[in-house]
Amino acid sequence: MKNLSKFYIAGEWVNPISDNMMPVLNPATEEQIGTIALGNMTDVENAVAAAKSAFDSFRLISKADRLALLNELKRLTEKRFEDLAQAMRMEMGAPITMARDAQADAAIGHLQGYIEALEKLEERYKLSNSDILIREPIGVCGLITPWNWPINQIALKVIPALATGCTCILKPSEHTPISAMVYTEIIHEAGYPPGVFNLINGLGETVGSALSRHPDIQMMSFTGSTRAGRAVTHDAAETVKRVTLELGGKSPNLIFADCNLEERVTASVDECMFNTGQSCDAPTRLLVERSCYEEVLEIAKRAANSITVGDPAQEGNHVGPLFDQIQFKRVQTMIQKGLDEGATLLTGGLGKPEGYKTGWYVKPTVFADVSNEMTIAQEEIFGPVLVIIPFEDETEAIAIANDSPYGLAAYIQTGSAARAERISSCLRAGSVHINGGGINYGTPFGGYKQSGNGREGGLMGLEDYLETKTLHGIV
Ligand code: NDP
């Protein structure tokens, strides 16, 4: 069992001031795999003081030196790739093939995207009116990340902070601390000066809130639920910090009869269930043109039934358990809501899949005949649950798609490029995926409406961590 009880502050692994401990559980076995410390206010003060002190010199480090550090970080991330994948397999139940191909891969992909963006970033240039514009690091950043894509989220926040000359304090989800600690070891080995990067574990309401309120922190970057995003914004308001948020989603997936139905519907179901449905941009609302509705139901049912649930330690393309008992209960409650509200259960449903007593496994579930007013169509479920809603024409499809407090992603399946363009321009979402087009590393990611603000990845991801200064009168 791992001893994860230390924090990383000012370049050293230190004992926390707090004596509050919490077990870390493997969701596939329900066994305890480690113990972490949950920090208190003094731990936060120590981490912020280290980051504040380090900022004085790190902000002056040249772009060439920051790039050299990032390239070393990349070399070492590649070296520790398997450790990252195995950590996420253990702490959140990511099946090992997917933990490697998607979860750990994100650490390298995003890093490469940020390296290319930093190479292009102009940090000082002359405006057409002869004034000089300078981009400078914003300062000390508080970074709060969730459990569903642990290293993806850490990479999307920590790397731009380091790339721009900011210093930071990371508070990962206390449910997934192992991958965060491996990542901390990588940063340490890469040779970042003490205090540039700091790690503390703790609860959102204590450590997360203390970071958001701290007067020496200039920016908070948060990924998680809209509820917690609101709390961070509220806490940060007193000190007028910059706040960037990557929150929830209930992304629509518009299926038109002119697409290759068998291929596109099967891929859509797989994408919804990927990572056991625990992705903020998962296509969870399947909106289907009425003329092909019955055919789509058959394909969707077949596709969901062919998804296997299995042990994360096994290689393969099966889905694993949910990350914790808390999430298992939330998903069960939402499935029950769907039944109570009168949706038609096409496949899956309540309880664990046959043969699973241990582990937070759930059945891939599909509801048909859903109306967009139902709770299961409005609220994020964050489990392998797809809802299918019919529409008559493009106008109605767009109206249903946009009838959500969220606006993270949208998906369109059609044989018509003109239709895809036309509909994309009407959808209130940060990214639109057409016929399975995936997002590439280096492309900005983020949402409209209550899915957040700011963008992560690439050049726009760097810009969130920069201040703008103008110089006047320099010849
Ligand atoms: P949370 O938003 O509560 O957790 C995400 C992170 O925020 C954690 O590190 C958490 O710490 C922290 N946090 C929580 N409250 C605060 C606060 N007041 N101030 C600062 N930080 C805080 O997600 P949950 O784990 O509760 O999941 C609930 C739902 O959120 C899911 O079912 C899903 O719908 C959605 N979600 C969306 C994600 C996304 O990527 N958009 C990611 C994760 C969840 P702690 O764990 O201690 O609360």
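What counts, and at which threshold
Each chain has its residues counted from 1, following the order in which its sequence is written. For this predicted model, a pLDDT threshold of at least 70 governs which residues receive local features, and a threshold of 80 or more governs which side-chain atom pairs are given and counted, while totals over whole chains, interfaces and linings are taken from all residues. Values shown for side chains rest on all heavy atoms present in the structure; no hydrogens or waters enter the calculation. Per the annotation, domain bounds derive from an automatic or database assignment of domains. Contact criterion: two residues are considered in contact whenever any of their non-hydrogen atoms come within 4.5 Å of each other. Accessible area, probed at 1.4 Å, shrinks when two parts are joined; the buried area is that loss added up over both. Definition used for salt bridges: Asp or Glu carboxyl oxygen within 4 Å of a side-chain nitrogen of Lys or Arg. In short, DSSP must find at least two bridges between two strands for them to pair. To qualify as a helix, a DSSP run of H or I must reach at least 4 residues; to qualify as a strand, a run of E must reach at least 2; elements of each kind are numbered from the N terminus. Angles shown run from 0 to 180 degrees and are taken between the N-to-C directions of axes, each axis being a line fitted to C-alpha atoms and, for helices, limited to the stretch in contact. If even one non-hydrogen atom of a residue comes within 4 Å of a molecule or strand, that residue is called near it. Any pair of N or O atoms that falls within 3.5 Å is considered a polar contact. Within protein, one atom must be able to donate a hydrogen and the other to accept it, and sequence-neighbouring residues count only if both atoms are side-chain atoms. Accessible areas in this description were obtained via Shrake-Rupley with a 1.4 Å probe; residue shielding takes into account the shown protein chains only. Lining residues are those with an atom within 4 Å of a point, where the points come from a 1 Å grid over the protein atoms alone and group into cavities, where a 1.4 Å probe fits but cannot get out, or pockets, open sets with protein on both sides within 12 Å along at least five of seven lines. Criterion for pocket placement: a molecule counts as inside a cavity or pocket if more than half of its atoms are within 2 Å of its grid points. Note on residue classes: Ala, Val, Leu, Ile, Met, Phe, Trp, Tyr, Cys and Pro are nonpolar, Asp, Glu, Lys and Arg are charged, and everything else, Gly too, is polar. The pairing test for Phe, Tyr and Trp rings, Trp by its six-membered ring, is centres within 6.5 Å, and the orientation test on the planes gives stacked under 30 degrees, edge-to-face over 60, and tilted for anything in between. Between buried and exposed lies partly exposed: a residue is buried under 20% and exposed over 50% of the maximum accessible area for its type, with that area taken using a 1.4 Å probe on protein chains only. Geometrically, a charge over a ring is one whose NZ (Lys) or CZ (Arg) sits within 6 Å of the ring centre while staying within 35 degrees of the ring normal. Grid points are joined across faces, edges and corners, and a volume is the space filled by probe spheres set on the points.

Considerations on the domain arrangement of the protein chain
The domain boundaries assigned to the protein chain delineate domain 1 (7–247 + 451–471) and domain 2 (252–444). The straight-line distance from the C-alpha centre of domain 1 to that of domain 2 is 30 Å. Contacts between domain 1 and domain 2 engage 34 residues on the former and 36 residues on the latter. Interface of domain 1 and domain 2: buried area, both sides summed, is about 2,700 Å²; carbon and sulfur atoms make up 59% of it. Here Arg 100 makes a salt bridge to Glu 315, at a shortest N to O gap of 3.1 Å.

Re the sheet that holds strand β14 (residues 285–289)
Taken together, seven strands build an open sheet; the order of strands is β15-β16-β17-β14-β13-β19-β20 and the sheet is mixed. A single partner strand is all that each edge strand has here, and the edge strands are β15 (344–347) and β20 (431–434). Within the sheet, the average angular offset between the axes of one strand and its neighbour, ignoring direction, is 25°. Examined bridge by bridge, β15 and strand β16 (residues 365–368) share three bridges and lie antiparallel to one another. Its bridge partner being in β16, Thr 344 is matched across the sheet by Ala 368. Running at roughly 140° to strand β17 (residues 385–391), helix α9 (residues 261–273) makes contact with β13 (252–255), β14, β16, β17 and β19 (409–413) of the sheet. Taken strand by strand, helix α11 (residues 325–340) contacts β15, β16 and β17, and its axis lies near 25° from that of β16.

What about the site of the ligand?
Near the ligand you find 29 residues, and of these Trp 147, Gly 204, Ser 225, Arg 227 and Leu 247 are the closest. Between Trp 147 and the ligand, the recorded distance is 2.6 Å, taken from a side-chain N or O atom to an oxygen atom. In the complex, the protein chains occlude 92% of the 850 Å² of accessible area that the ligand would expose alone. The site holding the ligand turns out to be the largest pocket. Put simply, the parts of the chain that give the shell around the ligand at least two residues each are α7 (204–213), β11 (219–223), α8 (226–237) and α11. The element contributing the most residues to the shell around the ligand is α8, with four residues. Taken together, the residues of the shell around the ligand sort by class into eleven nonpolar, twelve polar and six charged. The residues that make up the shell around the ligand include at least three from each of domain 1 (7–247 + 451–471) and domain 2 (252–444).

Some thoughts on the packing of aromatic side chains
In total, this model carries nine aromatic pairs according to the counting rule given. Note on Trp 147 and Phe 323: the rings are 3.7 Å apart at their centroids and 10° apart in plane angle, and the pair reads as stacked. Taken together, the positions of Trp 147 in the loop between β8 (140–144) and α5 (150–164) and Phe 323 in the loop between α10 (293–305) and α11 put the pair 176 residues apart, joining distant regions of the chain. Taken together, a centroid distance of 6.2 Å and an interplanar angle of 40° make the contact between Trp 149 and Phe 274 tilted. One end of the pair, Trp 149, is in the loop between β8 and α5; the other, Phe 274, is in the loop between α9 and β14, with 125 residues separating them in the sequence. With relative accessibility at 36%, the residue Phe 274 sits in the partly exposed group. One aromatic cluster is present, built from ring pairs that chain together Tyr 8, Trp 13 and Phe 197. Directly above the aromatic system of Phe 328 lies the positively charged group of Lys 352, at a separation of 5.6 Å from the ring centroid. If you follow Arg 419 out to its NZ or CZ, it ends over the ring of Phe 256, 4.1 Å from the centre.

Observations regarding the layout of surface pockets
Put simply, the largest pocket is a space of about 1,200 Å³. Around the largest pocket sit 44 residues that line it, and Gly 224, Ser 225, Arg 227, Ala 228 and Arg 330 are the ones nearest its centre. Looking at the lining of the largest pocket, the elements that each hand over two or more residues are α7, β11, α8 and α11. Residue contributions to the lining of the largest pocket reach at least three from each of two domains, namely domain 1 (7–247 + 451–471) and domain 2 (252–444). Taken as a whole, the second largest pocket holds about 680 Å³ of empty space. In terms of lining, the second largest pocket is formed by 28 residues, of which the most central are Trp 149, Asn 152, Phe 274, Asp 281 and Ile 439. Put simply, the parts of the chain that give the lining of the second largest pocket at least two residues each are α4 (96–120), α5 and α9. Its residues placed into classes, the lining of the second largest pocket shows 13 nonpolar, ten polar and five charged. Each of domain 1 (7–247 + 451–471) and domain 2 (252–444) accounts for three or more of the residues forming the lining of the second largest pocket.

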